[in-house]
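Residue strings, one per chain:
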Amino acid sequence: MEHTFEKESLRIEWVPIAILLVLSLVFAVSFIVSIVTSGSVVLTVGSLVMAVVFAAPPILGYGYLQSFRRVKVSGNTITVIRRKDTPAFEIPDHLGRVKIDPEDLQLELKRDGQRFVLRSHFLRNKASFHALFDQMIKDRPPSKDKVILKASVLEIMDNLKKG
């Protein structure tokens, strides 16, 4: 059975992105003002650094969301649909690092020099993806030298939510 998970639109985080971009704009304007008025070096460098710091997260988030269109899961294979290619990663053979947060599952998928970090935070139907990945790991557990999951992914996420 094949499951398709569409990515969330960029609008899921439009408020934090807008705030960060506005702050970046404020610091960029203060950078320009400090250059024009021959302000101190500290103010000039600080404004430039802060403009870059506040502009980086929205740009990186937008770039990540543009890097794929959807994810298809069939059996033990996760296929990442991109614009140019569609690499298929087999679980657990192509599974790298796994990071489990209370609401987010980050999977590093690697195969033949290709690498993709799949974050469930940016997928629609996150809960069903978590359950499906948990079942994939139960059906074909990774070797003990690669990854050791002492409990199911869902149990770990529930324990992180509780405390």
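Since this is a predicted model, take the numbers as computed values, not measurements.

(A) Representation of the overall build of the chain in the model. Each helix and strand in the chain was counted, giving four helices and seven strands. Reading the helices (α) and strands (β) of the chain from amino to carboxyl end gives β-α-α-β-β-β-β-β-β-α-α. Whereas a compact globule of 163 residues would reach a radius of gyration of roughly 15 Å, the chain reaches 20 Å, over 25% beyond that. Overall size of the chain, expressed as C-alpha extent along the three principal axes, is 65 × 40 × 30 Å. For the chain, with 163 residues in total, the buried portion stands at 33%. About 10,100 Å² of surface is accessible on the chain, with carbon and sulfur atoms providing 61% of the total. Averaging the locations of the 23 positively and 17 negatively charged side chains of the chain gives two centres separated by 4 Å.

(B) Fine view of helix α3 (residues 126-139). Across its 14 residues, α3 extends 20 Å between first and last C-alpha, which sits within 8% of the 20 Å expected from 1.5 Å per residue. When α3 is considered as a whole, its buried residues turn out to be F129, H130, L132, F133, D134, M136 and I137.

(C) Quick peek at the pattern of salt bridges. Overall, the coordinates contain 10 salt bridges when judged by the stated rule. The residue R119 makes a salt bridge to D104 at a minimum N-O spacing of 2.6 Å. Placement of R119 in strand β7 (residues 114-119) and of D104 in the loop between β5 (95-100) and β6 (105-111) is noted, with a sequence separation of 15 residues between them. For R119, a relative accessible area of 26% puts it in the partly exposed group. Since its relative accessible area comes to 6%, D104 is described here as buried. The salt bridge partner of E108 is R115, with a shortest N-O separation of 2.9 Å. Accessibility expressed as a relative area gives 7% for E108, which makes it buried. Several salt bridges share partner residues, and in doing so they unite R97, E108 and R115 into one network.

The rules we used
- Residues numbered from 1 in each chain as written.
- Predicted model: local features only at pLDDT ≥ 70, side-chain atom pairs only at ≥ 80, totals over all residues.
- Heavy atoms only, no water.
- Helix = DSSP H or I, 4+ residues; strand = E, 2+ residues; numbered from the N terminus.
- Rg over C-alpha atoms; globule rule 2.2 N^0.38 Å.
- Buried < 20%, exposed > 50% of the residue type's maximum accessible area, 1.4 Å probe, protein only.
- Areas by Shrake-Rupley, 256 points an atom, 1.4 Å probe, with all protein chains shown as cover.
- Lys, Arg positive; Asp, Glu negative; His and termini not counted.
- Charge placed at Lys NZ, Arg CZ, Asp CG, Glu CD.
- Expected span 1.5 Å × (residues − 1).
- Salt bridge = Lys/Arg side-chain N within 4 Å of Asp/Glu carboxyl O.

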